[in-house]
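This is what each chain is made of:
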Amino acid sequence: MTLPSPPPDGGLTYETEVKRAFQRLLRAMPGISRNDKQNIRRAFDMANQAHMGVRRKSGEPYILHPLAVAYIVVKEMGLVDPVSVICALLHDVVEDTDILLDEIRRKFDNHIASIVDGLTKITTPIDVDRVDSEQAENFRKLFLTISSDIRVVLIKLADRLHNMRTLGAMKPEKMLKIASETLYIYAPLAHRFGLYEIKIELEDLAFKYSQPRQYDEIQQKLKEAQMDGKRYIQAFIHTIRQALATTGLKFHILSRYKSIYSIYSKMIRKNLPFEEVYDIYAIRIILESREGREGADCWQVYGVISGIYRPIPKRLRDWITVPKENHYESLHTTVQGPRGKQVEVQIRTSRMDEIAEKGVAAHWKYKENGEEEDFLTEWIGQLRETLKDPDLNALETLREFRE
Ligand code: MN
């Protein structure tokens, strides 16, 4: 398909835009060595050359896509390692251009070539209209055999996220297929890897494209409900802030809203109207804790809050003493707020928060220099173990992914 090539907004030429996107990527990894930077530039040059003249459905130069994927890998997954970035930049060259795997092997190394190979081979084998156990098993096997390096899966997730963000330019049937794959496979995978923000965005985008009418309806109701609840939650936060100020702890408080898709799926699952699903307010308290004090500080905050508002015991979740399998750590409590309204309070440190939002990749940041490669290897091993778990049959694995 030939498409016109209008310059993007602001009169920038595409060439300038590509350059800027590459600079932005480099700026996102300030700590890297000269050598790594050179290798990343070589990968960019190779991809830029290979995709030259090709445009995406939206009309922009193709190279902006791998650049965006690399940026997601660094910035949103926190995977600031040169190998991931190089592979993200090269992820479509073997599939979509004349470049052969051998050339990548020669110009980079075996490891990078094998990851790019995995990225080329990993296509979704599932007919998402009927996810039966055989298909689910195939899917899991595929991920296991191809992803000898879990970076394959992570880059694939970043690829899917960028495709979803730019899905508007697709034909409706293709859009539907991509949206349901995203909902059934990629969002649950993101969840399993602890990439919550990405999971929520994937779900909301998939929902938006597959059921636009329902999406709009919930989005509208959510906006109204948030406006109504704003004053209430501000007053609640104010009270807690004053009480915590006396403890000398450093903290900040956010109000939390349910995602559009999570509201929708609860409405369907429990057959409830919007009003009954959107019943709980939620806030998050993030502590700047000293090392070794994290658990104690969180429980101190819990104590202060329980002294003001009555907690509902069966709603207490302690993922600090025993973190979730995907390393999620947090203390959740639901209290009886003013006027009988329940408010969920999440208590965690900034380290826990970063891990909750960015997944286990964020752990990396907290390791001493030199432990990094070991840590990544260990993390990859853990993820592979989870995928391999013989106690779970494939369909259960998928369901668990989807919880
Ligand atoms: Mn791609």
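Caption draft 1: Local environment of the overall build of the chain. Secondary structure assignment for the chain yields 19 helices and six strands. Counting every position in the chain, which comprises 403 residues, the buried fraction comes to 49%. Expressed as a percentage of contacts within the chain between residues at least 6 apart in sequence, the contacts between residues at least 24 apart total 68%. Of the accessible surface of the chain, which amounts to about 20,400 Å², a share of 49% is contributed by carbon and sulfur atoms.

Caption draft 2: Broad picture of the pairing of strand β2 (residues 281-288). For β2, the tally of buried residues reaches seven of eight residues, placing the bulk of the element in the interior. Here strand β1 (residues 250-256) runs beside β2; their pairing, made up of seven bridges, is antiparallel. Note on β2: the bridge partner recorded for Leu254 is Arg284. Strand direction decides the pairing type here: β2 and strand β6 (residues 342-349), joined by seven bridges, are parallel. Residue Ile286 lies in a different strand from β6, and its bridge partner there is Arg348.

Caption draft 3: Representation of the packing of helix α9 (residues 151-165) against helix α10 (residues 172-192) in the model. Packing of α9 against α10 brings their axes to within 11 Å, and their N-to-C directions diverge by 140°. Judged by the angle between their axes, α9 and α10 are oblique. For the crossing formed where α9 meets α10, the hand is left-handed. Facing Val153, Lys156, Leu157, Arg160 and Met164 of α9, the residues of α10 in contact are Ile178, Ala179, Glu181, Thr182, Tyr186, Leu189 and Ala190. Looking at the contact of α9 with α10 residue by residue, the classes come out as eight nonpolar, one polar and three charged.

Caption draft 4: Molecular detail of the nonpolar core. In this structure, Leu67, Leu90, Ile104 and Leu157 are the most contacted members of the largest nonpolar core, which totals 78 residues. No other element matches the nine residues that α10 contributes to this core. Contact partners of Leu90, with chain neighbours within four places excluded, come to Ala43, Met46, Ala47, Ile104, Phe108, Ile112 and Val116. With 24 residues, the next largest nonpolar core counts Cys298, Tyr302, Ile320 and Leu331 among its residues.

Caption draft 5: Representation of the environment of Ala282 in the model. Mapping Ala282 onto the fold places it in strand β2. Ala282 sits 63 residues away from Val345 along the chain, and the two C-alpha atoms are 5.8 Å apart.

Caption draft 6: The arrangement of the coordination of the manganese ion in detail. For the manganese ion, the full set of protein donor atoms is His65 (NE2), His91 (NE2), Asp92 (OD) and Asp159 (OD), at a range of 2.2 to 2.3 Å. All donor residues of the manganese ion come from one chain, and their arrangement in sequence is H-x25-H-D-x66-D. Pair noted here: His91 is in the loop between α4 (82-89) and α5 (93-96) and Asp159 is in helix α9, with a separation of 68 residues, a long-range link. Its relative accessible area of 3% is what places His91 among the buried residues.

Caption draft 7: Structural context of the pattern of salt bridges. The full count for this structure, using the stated rule, is 15 salt bridges. With a closest N to O distance of 2.7 Å, Arg160 and Glu181 form a salt bridge. Of this pair, Arg160 sits in helix α9 while Glu181 sits in helix α10; the two residues are 21 residues apart in sequence, bridging distant segments of the chain. Overall, Glu181 belongs to the buried group, its relative accessible area being 5%. For Glu217, the salt bridge goes to Lys221, with nearest N and O atoms at 4.0 Å. Of this pair, Glu217 and Lys221 both sit in helix α12 (residues 212-245), separated by four residues, roughly a single helical turn.

Caption draft 8: Spatial organisation of the packing of aromatic side chains. Inspection of the entire model under this criterion finds ten aromatic pairs. On the numbers, 4.2 Å between centres and 10° between planes, the contact of Phe22 with Phe44 is stacked. One end of the pair, Phe22, is in helix α1 (residues 14-27); the other, Phe44, is in helix α2 (residues 34-50), with 22 residues separating them in the sequence. In this structure, Phe22 and Phe44 share a single accessibility class: buried. Here Phe207 and Tyr215 contribute two aromatic rings whose centre-to-centre distance is 5.8 Å and whose plane-to-plane angle is 65°, an arrangement assigned as edge-to-face. Cation over ring: Arg24 sits above Tyr71, and NZ or CZ is 3.6 Å from the ring centre. The aromatic ring of Trp319 is capped on one face by Lys324, whose charged end is 4.5 Å from the ring centroid.

Parameters and conventions
Residue indices begin from 1 for each chain and proceed along its sequence in written order. In view of the model being predicted, local features appear only for residues whose pLDDT reaches at least 70, and side-chain atom pairs are presented and counted only at 80 or more, with totals across whole chains, interfaces and linings using the full set of residues. Think of the side-chain values as coming from all heavy atoms in the structure, minus any hydrogens and water. A run of H or I in DSSP becomes a helix once it reaches four residues, and a run of E becomes a strand once it reaches two; helices and strands are each numbered from the N terminus. Partly exposed describes any residue whose relative accessible area lies between the buried limit of under 20% and the exposed limit of over 50%, with all areas from a 1.4 Å probe on protein chains only and scaled to the type maximum. Contacts are assigned to residue pairs with any non-hydrogen atoms lying within 4.5 Å of each other. For every accessible area listed, the method is Shrake-Rupley and the probe measures 1.4 Å; residues are considered covered only by the protein chains on display. When DSSP finds two or more bridges between a pair of strands, those strands are recorded as paired. For helices, the fitted axis covers only the stretch in contact; all axes are lines through C-alpha atoms, and the angles between them, taken along N-to-C directions, range from 0 to 180 degrees. For classification, angles of less than 35 degrees are called roughly parallel, those exceeding 145 degrees roughly antiparallel, those between 65 and 115 degrees roughly perpendicular, and all remaining angles oblique. Note: crossing handedness is left-handed where the near helix turns anticlockwise from the far helix by less than a right angle, and right-handed where it turns clockwise. Amino acids outside the nonpolar list (Ala, Val, Leu, Ile, Met, Phe, Trp, Tyr, Cys, Pro) and the charged list (Asp, Glu, Lys, Arg) are all regarded as polar, and Gly is one of them. In plain words, nonpolar cores are sets of buried Ala, Val, Leu, Ile, Met, Phe, Trp, Tyr and Cys residues tied together by side-chain atoms within 4.5 Å. Distances up to 2.8 Å from the metal define which N, O and S atoms are donors, and 3.2 Å serves for Na, K and Ca; water is absent from the atom set, so sites may look incomplete. The salt bridge criterion pairs a side-chain nitrogen of Lys or Arg with a carboxyl oxygen of Asp or Glu, the two atoms within 4 Å. When two rings of Phe, Tyr or Trp (its six-membered ring) have centres within 6.5 Å they constitute a pair, described as stacked for plane angles under 30 degrees, edge-to-face for angles over 60, and tilted for the intermediate range. Only when the NZ atom of a Lys or the CZ atom of an Arg is both within 6 Å of the ring centre and within 35 degrees of the ring normal do we say a charge sits over the ring.

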